[in-house]
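An overview of the molecular structure
Letter by letter, the chains look like this.
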Amino acid sequence: QVHLVESGGGLVQAGGSLRLSCAASGSINRVNAMGWYRQAPGKQRELVATITSGGSTNYADSVKGRFTISRDNAKNAAYLQMNSLKPEDTAVYYCNVDLFVLGKLGPQGYWGQGTQVTVSS
C-alpha cells in the first residue's frame, strides 16, 4: 500500500508565493520520477513540472522562471516552490509519483489527493 500526502495550498495574492509538498509512504522500494500537475475548472489536467531520481527537471513554459521543483530522496518527498504567482495559476495541484512497490514488478504511478491553489488579482 502506498500513500501520497500533499500540503501547502491556499489563497495568495498575485505576486505572492506558495510552497507545495508531497510525501510518499508505504511499501516503497524505489521512487523514480516525481511531478506536479494542475487542473483548472473546465480545463484538462496539465503538467507543471517533473524531476527525475537523478535531479533532472522539466517545466511547462508557463511556469519557467517562476516555479522550482525539488525532491528529498531520503524522505520520498517532492516540493514545488511557486513564486510570482498569477491568477491564471489558480487550479488544483496534484502530485504524481512513479515508483516501484515492494514485491511488485514494474513501476506504478500514484496520484495525490490534490491541493487547491487560488491566486487573487
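Here's what I pulled together on the structure shown here. (Residues numbered from 1 in each chain as written. Predicted model: local features only at pLDDT ≥ 70, side-chain atom pairs only at ≥ 80, totals over all residues. Heavy atoms only, no water.)

A separate point is the overall build of the chain. Within the chain, the secondary structure is distributed over zero helices and eleven strands. Along its sequence from the N terminus, the chain presents helices and strands in the succession β-β-β-β-β-β-β-β-β-β-β. With respect to the three principal axes, the spread of C-alpha positions in the chain is 50 × 25 × 25 Å. Partitioning the intrachain contacts of the chain with sequence separation of at least 6 by distance along the chain shows that 56% fall at a separation of at least 24. Separation between the mean location of the 11 positive side-chain charges and that of the 7 negative ones in the chain comes to 3 Å. (Helix = DSSP H or I, 4+ residues; strand = E, 2+ residues; numbered from the N terminus. Contact = heavy atoms within 4.5 Å. Lys, Arg positive; Asp, Glu negative; His and termini not counted. Charge placed at Lys NZ, Arg CZ, Asp CG, Glu CD.)

This paragraph deals with the nonpolar core. In this structure, W36, V48, F67, L80, M82, Y93 and V97 are the most contacted members of the largest nonpolar core, which totals 32 residues. Those elements that provide at least two residues to this core are β1 (2–7), β3 (18–26), β4 (28–39), β5 (46–51), β7 (67–72), β8 (77–82), β9 (91–101) and β11 (115–120). Looking at this core, the element that brings in the most residues is β9, giving six residues. With near-sequence residues (within four places) excluded, V97 lies in contact with L4, C22, V31, A33, M34, Q108, G109 and Y110. (Core = buried A, V, L, I, M, F, W, Y, C linked by side-chain atoms within 4.5 Å. Buried < 20%, exposed > 50% of the residue type's maximum accessible area, 1.4 Å probe, protein only.)

The subject of this paragraph is the state of the cysteines. Using the criterion set out here, one finds one disulfide in the structure. Residue C22 pairs covalently with C95 via a disulfide, S to S 2.1 Å. Note on the C22 and C95 pair: the S-S dihedral is about -75 degrees, so by sign convention the disulfide is left-handed. Of this pair, C22 sits in strand β3 while C95 sits in strand β9, and the two are 73 residues apart along the sequence. You can call C95 buried: its relative accessible area is 0%. (Disulfide = S-S within 2.5 Å.)

Turning our eyes to something else, we now look at the environment of G106. Within the secondary structure layout, G106 lies in the loop between β9 and β10 (108–111). You can call G106 partly exposed: its relative accessible area is 27%. The contact partners of G106, leaving out residues within four places of it in the chain, are L99 and F100.

What follows covers the sheet that holds β8. Taken in spatial order, the four strands make up an open sheet running β1-β3-β8-β7, and their pairing is antiparallel. Edge strands, defined here as strands with exactly one partner in the open sheet, are β1 and β7. For this sheet, the mean angle separating the axes of adjacent strands, direction not counted, is 15 degrees. Bridging between β7 and β8 involves six bridges; their strand directions are antiparallel. Along β8, the bridge assignment pairs R71 with A78. (Pairing = 2+ DSSP bridges. Axes fitted to C-alpha atoms, helices over the stretch in contact; angles between N-to-C directions.)

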